[in-house]
Amino acid sequence: MSGSYQTAFFVREAILDRLRWGVTPGSADGPSFGDLPARYSADLPESRPPVASVPMRILDPTVVGVWGQGFGAFGGARGGNAFGLDRTLAGFAAGLDLRLPSGFRLGLVGGYAESALDTAGRRESAGVTGGFGGVYGGYELGPVSVRLGAVYADESLRTRRTVVVPSVSDTPSGRYGGSTVQGFGEIGYRFLVGAPAPAVLVSKVAEPGALEQAAPTYVEPFVGGAYVGIHRDRFAETGGVAALTGSARDYDLAALTAGLRGQTAFDLGLGLPLSAHALLGYRRAYGDVVPKALLSFGADPSFLAAGVPIDRDAVVAEVGLDLRLASGVTFGAAYTGQTGARAQDHAVKGNLTCRF
């Protein structure tokens, strides 16, 4: 269960990254209001009249966004009556979305992830692989932002154990299926820091998308929740008298996260706007945080076994940079992680976003 739960976290964060930071560095993402300094191109360069403040609403047409994020993570967990384990994770997510003039953003996402788990001494190991797909959306009403998503993942699991006791030396292994479904959402309230950056020149002959306002520096307190449901099919190991049979099992978990994020934009002086963002929060987990399974040796009576528990309390953090390589093309890199009393995970992510 541990591998699927952590994979769900990083998939969820990839989608929320798109909704949180999915802007072109140096420009606002969505309708804007305010007084813009403006002069008409027909008046330039001969007369060069003074710039006038023109109150207006900037309306973007429907914007199509294509994005992708690759992530790799490592971590470990200890505690309970089970051996501690180390885990690694690699995967990617890719999405397509529309931002409508009304401000709504609607999108589809899909991807693949693979995780590996090993106990101390590598006497036991497991792997979880699978593809996932989902939907997401967001809306901004003034300083208030709402972000929602749902993802389903179909998974394949493999296990391998080494059993060495008097008169028995076996290496049982098993293969079986499972799935993970999650739904999540968050709401934030944005506070601008300092005065907004100046707007670009407004022209009668401006091309579509050329009317952009410089992105402000802001901080945003937020609160979010997630439900994660994990299903494991029945399995039967092969490999001798120590082989186990396990019943099908469902695990239901929930997480509540509260924290603060911020973003700012600046120019390196080379015509390549750069934005920096950071996040710090606290996560509380609920539900089946101690994984349990009903097992048996062949026809022997069943018994209940517990695995490494998931931390109920953890600190989550992220810091990253995004660089606008060209008009509508952005590349970014970030670190994200979560740390608790029993477990920790650290990941490096890279993303590419294109707007049309």
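Look a little higher up for the structure.
What you see is a predicted model; the values in this text were computed from it and never measured. Per-chain numbering applies: the sequence of each chain, read as written, is numbered from 1 onward. For a predicted model such as this one, the threshold for reporting local features is a pLDDT of at least 70, and the threshold for listing and counting side-chain atom pairs is 80 or more; totals across whole chains, interfaces and linings nevertheless cover every residue. Side-chain metrics in this entry use all non-hydrogen atoms of the structure; hydrogen atoms and water are not considered.

1. Digging into the environment of Arg78
In step 1: Runs of E in the DSSP output that reach at least two residues are strands. Runs of H or I that reach at least four are helices, and both are numbered from the N terminus. Mapped onto the secondary structure, Arg78 falls in the loop between strand S3 (63-77) and strand S4 (85-99).
In step 2: Here the alpha-carbon distance between Arg78 and Asp311, two residues 233 residues apart in the chain, equals 9.6 Å.
In step 3: Only heavy atoms enter the contact rule, under which two residues are in contact if any of them lie within 4.5 Å. Contact partners of Arg78, with chain neighbours within four places excluded, come to Gly84, Leu85, Asp86, Val308 and Arg342.

2. Re the sheet that holds strand S14 (residues 245-246)
Pairing between the strands of a sheet comes from backbone hydrogen bonds, and it takes one of two forms, parallel or antiparallel.
In step 1: When DSSP locates at least two bridges between a pair of strands, those strands are taken to pair. In spatial order, the strands read S13-S14-S17-S18; together these 4 strands make up an open sheet with antiparallel pairing. Each having just a single partner strand, strand S13 (235-236) and strand S18 (303-306) make up the two edges of the open sheet.
In step 2: Pairing analysis gives 2 bridges linking S13 to S14, with the strands arranged antiparallel. Bridge pairing links Phe235 to Gly246 in S14.

3. Considering helix H1 (residues 2-21)
In step 1: Each residue after the first adds 1.5 Å to the expected span of a helix. In this model, H1 (20 residues) spans 28 Å end to end at C-alpha, consistent with the 28 Å of a helix rising 1.5 Å per residue.
In step 2: Each residue's exposure class comes from its accessible area (1.4 Å probe, protein chains only) as a fraction of the maximum for that residue type: buried when under 20%, exposed when over 50%, partly exposed otherwise. Taken across its 20 residues, H1 has 20 buried, putting it largely inside the fold.

4. Concerning the nonpolar core
In step 1: Nonpolar cores were defined as sets of buried Ala, Val, Leu, Ile, Met, Phe, Trp, Tyr and Cys residues, with membership established by side-chain atoms within 4.5 Å. Phe10 and Ile15 are the most contacted members of the largest nonpolar core, which has 24 residues in total.
In step 2: Mapped by element, the contributors of at least two residues to this core are H1, S3, S4, strand S5 (105-119), strand S6 (124-141), strand S7 (144-161) and strand S12 (218-232).
In step 3: Top contributing element to this core by residue count: H1, with 7 residues.
In step 4: Not counting residues within four places of it along the chain, the set of residues in contact with Ile15 comprises Trp67, Val109, Tyr136, Val151 and Phe184.
In step 5: Core analysis: the next-biggest nonpolar cluster, separate from the first, contains 11 residues, Tyr5, Tyr251, Ala255 and Val289 among them.

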